Amino acid sequence: MGHKVPPLGNRLGITKTWISRWYSKRQGFPKLLVEDDKIRRHLKSGLANAAVSKVEIERTASKVRVIIHSARPGLVIGRRGADIDRLRDELHSLTHRELTIDIKEVKNPAVDAQLTAENIAFQLERQISFRRAMKRSVQTAMNSGALGIRVRCGGRLGGAEMSRVESYRDGKIPLGTFRADIEMGFAEAKTTYGRIGVKCWIYKGDTVLESSASHGTRT
């Protein structure tokens, strides 16, 4: 079960929430879904150097709130807020709605699954050995407070003729435990031999679930 479903989808409504939070009737749902995808693609390409972990989108009737989680918020804001104003205008041209942008800092990027996957992909594009990149990321995450990490790379690793999958792990990754706080990240490295997919799972600890005792017990 835990191996087939991403950790976020497996825990929605239990310990995790949606990264897009809005409601629309059936006629308007596809348009807003495509709009969310355009916003995320635009931010990922425009803020490639800002270490963006994830983008949350909240909508009301006429307003859009975009929450950017970044390890380098200064690059997103820019000098005297010039970059964020330009970014707001660009997103407004995509949505044609009143839009606000909030920046949240990722304080420990070494234990962020998406940033770890993107860092490994960046090293592979720089022709660094995949084993060295994976082992270094695993060690850095464990030293930074992660309770478990698993990294998996698939493709023509090292320029080999046949594609294959290599993985490294340390600690524990309880994918089937819903209270476990596990993040998953995915990135692609565009190398001269083709694309290499990078997946990363990081376990940060258990989330305290609401116990049945808080609702009263039956005797």
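This text follows the structure it describes.
Residues numbered from 1 in each chain as written. Predicted model: local features only at pLDDT ≥ 70, side-chain atom pairs only at ≥ 80, totals over all residues. Heavy atoms only, no water.

Asks: What's the story with the nonpolar core in this structure? I'm lost.
Replies: Formed by 22 residues in total, the largest nonpolar core has its most connected members in Ile120, Leu124, Ile149, Val151, Cys153, Val198 and Cys200. Elements that contribute at least two residues to this core include exactly helix 5 (113–125), helix 6 (130–143), strand 5 (148–155), strand 7 (180–191) and strand 8 (194–206). Those residues in contact with valine 151 that sit more than four places away from it in its chain are Ile120, Met134, Val138, Glu166, Ser167, Tyr168, Lys199 and Cys200. Core analysis: the second largest hydrophobic core is formed by 16 residues, Ile39, Val52, Val66 and Leu91 among them. (Core = buried A, V, L, I, M, F, W, Y, C linked by side-chain atoms within 4.5 Å. Buried < 20%, exposed > 50% of the residue type's maximum accessible area, 1.4 Å probe, protein only. Helix = DSSP H or I, 4+ residues; strand = E, 2+ residues; numbered from the N terminus. Contact = heavy atoms within 4.5 Å.)

Asks: Explain the packing of helix 2 (residues 29–46) against helix 4 (residues 82–95) to me, please; I cannot follow it from the model alone.
Replies: A pair of packed helices is captured by two measures, namely the crossing angle of their axes and the spacing between those axes. Contact geometry of helix 2 with helix 4 gives a least axis separation of 10 Å together with a crossing angle of 155°. As far as their axial angle goes, helix 4 and helix 2 are roughly antiparallel. Crossing of helix 2 against helix 4: the hand is right-handed. Contacts between helix 2 and helix 4 involve Glu35, Lys38, Ile39, His42 and Leu43 from the former and Leu87, Glu90, Leu91, Leu94 and Thr95 from the latter. Here the residues of the contact of helix 2 with helix 4 are counted per class, giving five nonpolar, two polar and three charged. (Axes fitted to C-alpha atoms, helices over the stretch in contact; angles between N-to-C directions. Parallel < 35°, antiparallel > 145°, perpendicular 65-115°, else oblique. Left-handed = near helix turned anticlockwise from the far one by under 90°. Nonpolar A, V, L, I, M, F, W, Y, C, P; charged D, E, K, R; others polar.)

Asks: Looking at this structure, how should I read the sheet that holds strand 3 (residues 63–70)?
Replies: Strand-to-strand pairing in sheets goes through backbone hydrogen bonds, with the strands running parallel or antiparallel. Overall, mixed pairing links the four strands, which are arranged 1-2-3-4 in an open sheet. Bordering the open sheet on either side are strand 1 (20–21) and strand 4 (98–105), each of which pairs with just one other strand. In the sheet, strand 1 pairs with strand 2 (residues 52–59) via two bridges, with the strands oriented parallel. By the bridge assignment, arginine 21 is partnered in strand 2 with glutamate 58. Helix-sheet contacts for helix 2 involve strand 1, strand 2 and strand 3, and the interaxial angle to strand 2 is about 150°. Relative to strand 4, helix 4 is tilted by about 135°, and along the sheet it contacts strand 3 and strand 4. (Pairing = 2+ DSSP bridges.)

Asks: Which parts of the structure should I look at to understand the pattern of salt bridges?
Replies: For side chains bearing opposite charge, pairing can occur when the charged atoms are close. Applying the stated criterion across every chain yields a total of 17 salt bridges. A salt bridge links aspartate 37 to arginine 41; the shortest N-O distance between them is 2.8 Å. With aspartate 37 and arginine 41 both in helix 2 and four residues apart, this pair spans about one turn of that helix. The exposure class assigned to aspartate 37 is partly exposed, which follows from its relative accessible area of 38%. The residue arginine 131 makes a salt bridge to glutamate 166 at a minimum N-O spacing of 4.0 Å. Of this pair, arginine 131 sits in helix 6 while glutamate 166 sits in strand 6 (residues 164–171); the two residues are 35 residues apart in sequence, bridging distant segments of the chain. Note on arginine 131: relative accessible area 38%, which makes it partly exposed. (Salt bridge = Lys/Arg side-chain N within 4 Å of Asp/Glu carboxyl O.)

Read these as layout, nothing more, since geometry by itself doesn't imply function.
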